[in-house]
Each structure stands twice: as structure tokens, then as C-alpha cells.
Amino acid sequence: MRPTVSTRTTGKGLISAIGVVMMCGAGLAAPASAATPTAEKTESAQAARESSGGDLTKTPPMGFNNWNATHCGADFNEEMVKDTADIFVEKGLKDAGYEYVNLDDCWAEPERDADGKLVPNKERFPHGIEAVADYVHSKGLKLGIYTSAGTWTCNTEPGMPGALGHEESDARQFADWGVDYLKYDNCNNEGRPAQERYQTMRDALDKTGRDIVYNICEWGENKPWEWAPKLAETWRTTEDISDNWDSMLGIMQENLKLSQYASPGDFNDPDMLEVGNGGMTDTEYRTHFSMWSIMAAPLLIGSDLREDDGAAIDILSNKEVIAVDQDALGKQGEVVSQEDGRWVVSKELADGSRAIALFNETDQEQTITTTADAATVPHADSYKVRDLWKHSDSTSNGGLSEKVPSHGTVMLRVTPEK
Ligand code: GLA
């Protein structure tokens, strides 16, 4: 269950003031409610969030983050952020559900100002962050930001000051700028317990009165799936992804084990998408996107969409696959079988159907076979089988068998017929 802001009003106008925080982090500790002097306030904020339905988004957040494309390179700047917002609108990505345009590390100057406030990097963001937020909001989209639950962010050259010890002031600044989402990283945390640090920012966000989506980015180090659902909408489960097959595959396999922890408003985050960055084939990127969707992962585009020749946007815009990710039941797909690299993963959907991924990890074409019963589709005499990449229908009496190319995924939606 995701926390909501205790002071939030219910007016629709406030939705544009919503923000998300993301945590990336360090060591396991006792629950903050038992370990900090703010226990009473913390408990009441949590109670308020839970009684009001908790989480700010019931389905996995969708949007963009620059990190995988740029790291701290010069091409991460105001122009890129505004161009991405424009592309979201012009190329149909906003219509497909992409909403958050998020800044990662290095958006600020290395020094705080005389009042201890963060200073937007003068070269990257010469008009400040509020101007960027205004632009993004004018497109009907939302702005996300990044900092670390440490004294410094993860990048060292140059990086920027982290929020440890500055939580209230930094959260206030984000809210004043109109930030809607926070990714909260874990570097340079001075060995302080993760839960305590992430709780402190939770409280600081609550105090602002603005709805800010909260992403905990502590890389799965302290089993965040066991405690982050009370604090945040999403939590990273693994180390950083890279734009290659082995990295994507390893992260997928780790994240698949955590299906029991996903529910509406609370989602495992296996890191941002690499689709479009060039290190994998389109077949592999379709697998990446299919598997992130069947795992109900946040769908944060991580490539520079200005450089796309159409192939990446084509994959990222598949509304039938996106519908699997965004399904209201909020379930993460479960592994049905895995034999010699032939994977079957099934995700229960709100309409009683199942999304079924037939994923081929091997270096040769494989025939992958399962049944509707094995994939937990409610039993029927016949089933409608929709291929979500070919956009075609067929009928089955329960058997499901497909030829799947090396590193490919056939993504089906199987619905019992009367
Ligand atoms: C960590 C995070 C990444 C990215 C970098 C920025 O490694 O896990 O996603 O935010 O920091 O320095």
C-alpha cells in the first residue's frame, strides 16, 4: 500500500501538485517508527495515508528518466527535458499512458546556496527547475526529480549534495517548484539505517502537503519489499541495469522472485528501461518491455527519444502490452515453468484473463509449450488467444504452443470463452 500525504486535500486541482519519491538504498534497520524521535508523527502520517487509500498511483508509474541515456553528460539539460515532453504529446506516448518526465543525478550545482538551498545547475537548467516544471505541466504531464538519502549523490564527478540532514528543506523546495515524483537514492549514507533515512524523507514529503510519488532506490540491499510498501509507491529491487542482454536478463530473474510483494500502489522496480539505447536487438527490447510489463514494473523510458528512428517508440507504444502492465489488479506475473531457458510467466488480470509470456532465454529458436490450466486461466472449453505483438486472435481448447525466436518473447492474453 502506498502512502498518501496526510495534509492533502481532495480537490482535483491539487493533482498537478502531486509528486513521487524514489528510494535507492543501503543497510537494513529497525522500523523507523521504533527508532526515531518522530515515531508518533510517523505513525499518524502512515495511518492517515493508509486510511485515505494510501498510494498516489494504483498502477505502475509510466514516464521517462534521462539516466540510462545520458548519465551526467552535457546532453542532460532543459532542452532534452522539454523536447521529451513535446515528443510524449506529439508521438502518442502521453496517450499511451506515459506521464512523468523525470530528472536524475547532476541536475544541481555542487554547492548549496547561503541558505542551504539546492541550486539548479546553471548550464543545464539556466531558467531553474520551476520553469521546467511549468513547461512539463503545461503539456498535461508531471515532473520528477532525484536526490540521495546521503550526503552526496551517486555520481562523484560532479554529482550534487544529497538530502541527508536537509530532508525538510529539500522536500519543501521540490514541492515549491511543483515537483510530482521523487527518486531517492542511497549513496553516501554514512552507514545510517535505510528505513530511518527513507522514513525521514517520507515525513518531509508529507509535511509539504503536496502529493509526490516516492520511489525508493536502495537497490534491494535491505529487502525494501518488506518495508517500503508502507512508505512509497515503488522500490528498486536490484543493482543498476545496463544496456545489454546479460544485465537485463539477470535483473529480470531477480525481480521475478518478488511477485508476492506487488499490489495496487506498491510495485517492485527492476530499474528503468533501456529500449532504444542500442545495446540490444529489437527482439531483445521487445522481451525487455514484455517482461517489465508482465512484472508490473514502472515503465520509465530511458532513451533519448529525439534520436529514435521509430523502432523504440513502436515498441514502447504497444498499448496491449502496456495494458498488461497497467492492469487494475496490480499483480506481478508468476513463473509457471522454466525448463532449459524456456520460460512461461503468467499474470492474472482484472477481467479474469491471463497475460502469458513465453520467453526464450536460449540462443536458438525454441517451441515453448504450456496449457491454460497450468497458467491458471479459469477453466473453460475454449479460450480466446490474443497475440499482443502480432495483434491477432486465435482459439484454443487449452493447449498453448508457440515458436519463439532466440531471446524473443511471445506475449499472449488468454481469455476463457463461455
Ligand atoms: C544510482 C542509481 C541510478 C542512478 C545513479 C545516479 O546508481 O541506482 O539509477 O540514479 O545512481 O548517479
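Conventions adopted
Residues numbered from 1 in each chain as written. Predicted model: local features only at pLDDT ≥ 70, side-chain atom pairs only at ≥ 80, totals over all residues. Heavy atoms only, no water. Disulfide = S-S within 2.5 Å. Helix = DSSP H or I, 4+ residues; strand = E, 2+ residues; numbered from the N terminus. Buried < 20%, exposed > 50% of the residue type's maximum accessible area, 1.4 Å probe, protein only. Salt bridge = Lys/Arg side-chain N within 4 Å of Asp/Glu carboxyl O. Phe/Tyr/Trp six-rings, centres within 6.5 Å; stacked < 30°, edge-to-face > 60°. Lys NZ or Arg CZ within 6 Å of the ring centre and 35° of its normal. pLDDT = per-residue confidence, 0-100. Contact = heavy atoms within 4.5 Å. Polar contact = N/O pair within 3.5 Å; in protein donor to acceptor, adjacent residues only side chain to side chain. Expected span 1.5 Å × (residues − 1).

## A short note on the state of the cysteines
Phase 1: The full count for this structure, using the stated rule, is two disulfides.
Phase 2: Disulfide pairing places Cys-72 opposite Cys-106 at an S-S distance of 2.0 Å. Taking the torsion about the sulfur-sulfur bond, which here is approximately 80 degrees, the covalent link between Cys-72 and Cys-106 counts as right-handed. Residue Cys-72 is located in the loop between α3 (67–70) and α4 (78–90), and its partner Cys-106 is located in the loop between β3 (100–102) and α6 (128–138); the two are separated by 34 residues in the primary sequence. The same class applies to Cys-72 as to Cys-106, namely buried.
Phase 3: In this model, Cys-154 is linked to Cys-187 through a disulfide, with the two sulfur atoms separated by 2.1 Å. On the sign convention where negative is left-handed, the bridge of Cys-154 and Cys-187, at about 100 degrees about the S-S bond, is right-handed. With Cys-154 in the loop between β4 (142–148) and α7 (167–177) and Cys-187 in the loop between β5 (181–185) and α8 (194–208), the pair connects residues that are 33 residues apart, well separated along the chain.

## With respect to the pattern of salt bridges
Phase 1: Under the counting rule described, the total for this entry stands at 19 salt bridges.
Phase 2: Between Asp-393 and Arg-386 there is a salt bridge; the shortest N-O distance is 3.3 Å.
Phase 3: Ionic contacts of the salt-bridge type, sharing partners, join the residues Asp-83, Asp-304 and Arg-306 into one network.

## Quick look at the packing of aromatic side chains
Phase 1: Counted under the stated rule, the structure contains 12 aromatic pairs.
Phase 2: Pairing Tyr-100 with Tyr-181 gives two aromatic rings, centres 5.3 Å apart and planes at 50 degrees, and the pair type is tilted. Of this pair, Tyr-100 sits in strand β3 while Tyr-181 sits in strand β5, placing them 81 residues apart in sequence.
Phase 3: A residue is classified by how much of its surface remains accessible, and Tyr-181, at 1% relative accessible area, is buried.
Phase 4: Aromatic rings pair up to connect Tyr-184, Tyr-198, Tyr-214 and Trp-227 into one cluster.
Phase 5: Against the face of Tyr-135 rests Lys-82, its NZ or CZ located 4.9 Å from the ring centre.

## Quick notes on the confidence of the model for the protein chain
Phase 1: Overall, the prediction assigns the protein chain a mean pLDDT of 90, with 87% of residues at 70 or greater.
Phase 2: Low pLDDT (under 50) marks residues 1–42, which in the prediction has 179 contacts with non-local residues, meaning those over four places away or in another chain.

## A word on unusual backbone geometry
Most peptide bonds are trans, and most residues other than glycine sit at a negative phi.
Phase 1: Omega for the bond connecting Glu-157 with Pro-158 falls within 30 degrees of zero, at 0 degrees, which places this linkage in the cis form.
Phase 2: Within the secondary structure layout, Pro-158 lies in the loop between β4 and α7.
Phase 3: Backbone geometry at Asn-188 places phi at a positive 55 degrees, although glycine is not the residue there.
Phase 4: Take Asn-188: it is sitting in the loop between β5 and α8.
Phase 5: You will see that Trp-219, though not glycine, has its phi angle at about 65 degrees, which is positive.
Phase 6: Residue Trp-219 is classed as buried on the basis of its relative accessible area of 17%.

## Structural notes on the side chain of Asp-271
Phase 1: Tracing the backbone shows Asp-271 in the loop between β8 (267–269) and α10 (282–294).
Phase 2: At 3.4 Å, the side chain of Asp-271 and the side chain of Arg-236 are in polar contact.

## Brief notes about α10
Phase 1: For α10, spanning 13 residues, the distance from its first C-alpha to its last is 18 Å, which sits close to the expected 18 Å at 1.5 Å a residue.
Phase 2: With 10 of 13 residues buried, α10 is to be regarded as a mostly interior element.
Phase 3: Regarding α10, the residues found buried are Glu-284, Tyr-285, Thr-287, His-288, Phe-289, Ser-290, Met-291, Trp-292, Ser-293 and Ile-294.
Phase 4: Looking one or two residues past α10, Ala-296 carries a phi angle of roughly 50 degrees, positive in sign.

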